[in-house]
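Structural features, examined
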Amino acid sequence: MFASYGLIVHLLVIIAIYGILSLSLNLVLGVTGLFSIAHAAFYGVGAYTSALLTMRGIPWVVAMPAGMVLAGIVAYIIGIPTVRLVGDYLAVVTLGLGEIARAVFRNWISVTRGPMGLPGIPSASIFGFTFGTAEQYLVLAAICLLVVYVICQRLLSSPFGRVLKAIREDQRATLALGKNVDRFKMWSFVIGAAMAGLAGSLFAHYIGFIDPSSFVMWLTFFLFLIIVLGGLGNNLGTVLATVVFVAAREGLRFVGLPDWINPAALQQFVFGMLLVVMTLFKPEGLIPARKVTYRRYRQRVEG
Amino acid sequence: MGIAAQLLVNGLIAGGTYALAAIGYSMVYGALKFINFAHGSIAMVGAYIAFVLFSLGGIPIIPAFLLSMALTALLGVLVERLAYRPLRASPKLASLTTSVAVSFALDASVMMLLGAEIRSFRLPMQRTFQIGPVYLTLVQTVIIACSFAFMFGLYFLLTFTKLGKSIRAIADDLLLAEISGINGNLVIAAVFAIGSALAAAAGVLIGMETNLQPTMGFMITVKAFAAVVLGGLGNVYGAILGGFIIGIVENLGAWYISPVWKDSIAYVILILVLFVRPAGLLGKPEDATVV
């Protein structure tokens, strides 16, 4: 049987990291409706910052938040010209910024070592305790996922989250209600980026090696698929879809395929077709996010 | 001076292919108001169709080129019919997501059928012309000639034919156009056919000038995308202008700054332009931002 114990632990760690990443994109895209393609770049900023700092002897407890903050700052700077753009324009600009970020990872060789990547990233440690084994790392990643999940859930039901949802549904109406739409969008963008930075740090210190190819745009599209399937704006659905997808992606590697089929291509083909079928027949995702409807609102008010 | 002229011409060549790809983007955006992410992949499929016909099927290059444009037009219409039309009334995000997925599936299909390795048209040895200080190969001359010919063709189609008028009407307001008796579905199918045929032309020309690989679609998407937004979404002539600007700036930047930043330069220009003029160079300002 190929599903050994070690493999399952590894899968769970990857699921936890991708879970954080999907939740963060869900906040930006699913909840606020900002079509940002630069997400893989924030993941990369978190990973590189955290890795480079720890390699210079700074403890992980400092390096990880630094990665989050820097990812947030980058998002803020990017956000200044972009948050006021709507839908498609935002998509193009963030697409471009994602590519610029990757060009920086690849070409700033004196710092990032370019395409050669950064090997020998130390394991994460907190106050002398090192998360050396995969099991210990799983605990750390799971705790981080839980924290991010709780924060995302709280955000959804908070007044702040309600404004974000309102922006997704109708930006003009939200503006007419006196909300500073751009500022709310900016915060959603920055918080999402910081969470992606956290995922990046977890990834870097788990694998111990990063290079620019870990942060390609396909990753954003893969996350995209996850949150569409999980039901846009639904945190629980997002996490469940992450489990299904990461498991399916890794699982496809073990299916016996004829030689002429390229497994990576098959995987991409299956995901592509799945996404088309999903959007056509079940656009609300596997677990639709609950919408506030007039009827439900009346039921609540009238008891 | 000689180098600057050569770079300018190289930029014109690259820009011509970007502009051809960008036209389809812009036309689809005009008609349906969504960005068709799969457009670059459709161009890639077009390039591969010509490759299969020419290199494997032994058909001469010009018929192979034209046949590939026709078959790709069919593919574009098919994609619209199966994947986009059912979603026309859904939120825009649904169409965007689907087009990303279509692009996944197209890239993967070509990768499975023909392999992921780099291919080449293996055209016979090329003569080089010298015009003043500028050197040009035969393929490059063809690229410039083709891109200008197709663009003028498109201009006449849009300006002087009934179909062109219908396309412009639909871009203006689909509902109003349909009320006036225009068959919306038919015209949208025509838009996809024209856009995909031009994308195939861009793909084949890029394939002849450089080489073919299944991931080239993404590069075309990104460049055409930038061109369209730079020129102003939905404005076909803006897209052409954007394509040429990006081609030229890229080539100048690669020489005078550094070739490793070639792809980033286009985006920096794009972002700067959007910062000053969110609707792009020729776009209507109210489209880009709310308020």
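Everything quoted here is computed from the prediction, not taken from an experiment.

Looking now at the overall build of chain B. Each helix and strand in chain B was counted, giving eleven helices and two strands. Beginning at the N terminus, the succession of helices and strands in chain B can be written as α-α-α-α-β-β-α-α-α-α-α-α-α. Principal-axis analysis of the C-alpha atoms gives chain B an extent of 55 × 45 × 35 Å. Counting the 291 residues in chain B, one finds 57% classified as buried. By sequence separation, contacts in chain B at least 24 residues apart represent 72% of the contacts at least 6 residues apart. For chain B, the accessible area works out to roughly 12100 Å², and carbon and sulfur atoms hold 71% of it. Taking the average place of the 15 positive charges on the side chains of chain B and the average place of its 11 negative ones, the gap between the two points comes to 6 Å.

Now for the confidence of the model for chain B. Chain-level pLDDT for chain B is 85 on average; 96% of the residues reach the 70-or-more range. Reported for the predicted complex are a pTM of 0.81 and an ipTM of 0.72.

Turning our attention to the interface of chain B and chain A. Counting from both sides, the interface comprises 48 residues of chain B and, opposite them, 43 residues of chain A. Counting the surface lost from both chain B and chain A, the interface buries some 4100 Å², and carbon and sulfur atoms represent 80% of this. Where chain B packs against chain A, one counts zero salt bridges. Our count for the contact surface shared by chain B and chain A stands at zero residue pairs in polar contact (both at pLDDT 80 or more). At the level of secondary structure, the elements contributing two or more residues to the side of chain B that touches chain A comprise helix H3 (61-84), helix H4 (92-114), helix H9 (216-231) and helix H11 (262-276) of chain B. Top contributing element to the side of chain B that touches chain A by residue count: H4 of chain B, with 17 residues. Along the lines of polarity and charge, the residues of the side of chain B that touches chain A split into 38 nonpolar, six polar and four charged.

Another point: a nonpolar patch on the surface. Residue and element names in this part refer to chain B. On the surface, a cluster of nonpolar side chains totalling about 920 Å² of accessible area is made up of Leu12, Phe148, Phe152, Tyr155, Phe156, Phe160, Tyr237, Leu241, Leu281 and Leu282. Those elements that provide at least two residues to the nonpolar patch are helix H5 (138-160) and helix H10 (236-256). Among the residues examined, Leu241 registers a relative accessible area of 36% and is labelled partly exposed.

It is worth spelling out empty space enclosed by the protein at this point. If you walk through the whole model with that rule in mind, you get three cavities of 30 Å³ or more. The wall of the largest cavity is formed by Trp218 and Phe221 of chain A together with Phe37, Ser41, Val100, Ser103, Phe104, Asp107, Phe218 and Thr221 of chain B. Counting only elements with at least two residues in the lining of the largest cavity, the list comes to helix H10 (217-230) of chain A together with H4 and H9 of chain B. When residues of the lining of the largest cavity are assigned to their parent elements, the largest contribution, four residues, is made by H4 of chain B. Split by residue class, the lining of the largest cavity holds six nonpolar, three polar and one charged. Its volume calculated, the second largest cavity comes out at about 50 Å³. Around the second largest cavity, the lining residues are Ile37, Ala38, His39, Ala40, Ala41, Gly98, Glu99, Arg102, Phe215, Met217 and Thr220 of chain A. Counting only elements with at least two residues in the lining of the second largest cavity, the list comes to helix H2 (39-55), helix H4 (87-107) and H10 of chain A. Of the residues contributing to the lining of the second largest cavity, the split by class is six nonpolar, three polar and two charged.

Once that is clear, we can look at unusual backbone geometry. Residues and elements named next belong to chain B. In the Ramachandran plot, Lys33 falls in the positive-phi region, its phi being about 55 degrees despite a non-glycine side chain. With respect to the secondary-structure elements, Lys33 resides in the loop between helix H1 (2-32) and helix H2 (39-56). Among the residues examined, Lys33 registers a relative accessible area of 35% and is labelled partly exposed.

Scanning the entire structure with this criterion turns up 21 aromatic pairs over all chains. Here the aromatic rings of Tyr18 of chain A and Phe222 of chain A are separated by 6.0 Å at their centres, their planes lie at 80 degrees, and the arrangement is edge-to-face. Within this pair, whereas Tyr18 of chain A is found in helix H1 (residues 5-31), its partner Phe222 of chain A is found in helix H10, the two being separated by 204 residues in sequence. Of the residues examined, Tyr18 of chain A reaches a relative accessible area of 9% and is grouped as buried. Residue classification places Phe222 of chain A among the buried positions, given a relative accessible area of 6%. Ring geometry for Tyr43 of chain A against Phe203 of chain A: centres 5.7 Å apart, planes inclined by 45 degrees, an arrangement best described as tilted. Here Tyr43 of chain A, found in helix H2, pairs with Phe203 of chain A, found in helix H9 (residues 181-207); they are 160 residues apart in sequence, far enough to count as distant. Side by side, Tyr43 of chain A and Phe203 of chain A carry an identical accessibility label, which is buried. Through pairs of rings, three or more aromatic residues link up here, namely Phe35 and Phe224 of chain A together with Tyr25, Phe37 and Phe225 of chain B.

It is worth spelling out the nonpolar core at this point. In terms of nonpolar packing, the biggest core is built from 185 residues, with Phe42, Leu202, Ile210 and Phe221 of chain A together with Ile35 and Phe37 of chain B touching the most fellow members. Of the residues forming this core, the biggest block, 16 residues, is contributed by H1 of chain B. Other than its neighbours up to four places away in sequence, Phe221 of chain A contacts Ile37 of chain A together with Phe37, Val100, Phe104 and Phe218 of chain B.

This part takes up H10 of chain A. Residue and element names in this part refer to chain A. In this model, H10 (14 residues) spans 20 Å end to end at C-alpha, consistent with the 20 Å of a helix rising 1.5 Å per residue. In terms of burial, H10 is largely enclosed, as 13 of its 14 residues are buried. A positive phi of about 95 degrees marks Gly231, the residue just after H10.

Attention now goes to the packing of helix H6 (residues 162-172) of chain B against helix H8 (residues 184-209) of chain B. All names here are of chain B. One can describe the packing of H6 onto H8 by two numbers: an axis separation of 10 Å at closest approach and a directional angle of 105 degrees. Comparing the axis directions of H6 and H8 gives the class roughly perpendicular. Here Leu163, Ser166, Ile167 and Ile170 of H6 lie close against H8, whose contacting residues are Gly184, Val187, Ile188, Ala190, Val191 and Ile194.

Next up on the list: the state of the cysteines. Residue and element names in this part refer to chain A. Throughout the structure, instances matching the rule amount to zero disulfides over all chains. Here Cys144 stays unpaired: no disulfide links it, and the sulfur of Cys152, its closest cysteine neighbor, is 13 Å away. The class of Cys144 is buried, set by a relative accessible area of 12%.

Cut-off values and rules
Residues numbered from 1 in each chain as written. Chains lettered and ligands numbered in written order. Predicted model: local features only at pLDDT ≥ 70, side-chain atom pairs only at ≥ 80, totals over all residues. Heavy atoms only, no water. Helix = DSSP H or I, 4+ residues; strand = E, 2+ residues; numbered from the N terminus. Buried < 20%, exposed > 50% of the residue type's maximum accessible area, 1.4 Å probe, protein only. Contact = heavy atoms within 4.5 Å. Areas by Shrake-Rupley, 256 points an atom, 1.4 Å probe, with all protein chains shown as cover. Lys, Arg positive; Asp, Glu negative; His and termini not counted. Charge placed at Lys NZ, Arg CZ, Asp CG, Glu CD. pLDDT = per-residue confidence, 0-100. Buried area = accessible area lost by both parts, 1.4 Å probe. Salt bridge = Lys/Arg side-chain N within 4 Å of Asp/Glu carboxyl O. Polar contact = N/O pair within 3.5 Å; in protein donor to acceptor, adjacent residues only side chain to side chain. Nonpolar A, V, L, I, M, F, W, Y, C, P; charged D, E, K, R; others polar. Patch = residues over 30% accessible without salt bridge, like charges linked within 9 Å, V, L, I, M, F, W, Y side chains within 5 Å. 1 Å grid on protein atoms, 1.4 Å probe; cavity = no way out; pocket = protein on both sides within 12 Å on 5 of 7 lines; lining within 4 Å. Points joined across faces, edges and corners; volume = space filled by probe spheres on them. Phe/Tyr/Trp six-rings, centres within 6.5 Å; stacked < 30°, edge-to-face > 60°. Core = buried A, V, L, I, M, F, W, Y, C linked by side-chain atoms within 4.5 Å. Expected span 1.5 Å × (residues − 1). Axes fitted to C-alpha atoms, helices over the stretch in contact; angles between N-to-C directions. Parallel < 35°, antiparallel > 145°, perpendicular 65-115°, else oblique. Disulfide = S-S within 2.5 Å.

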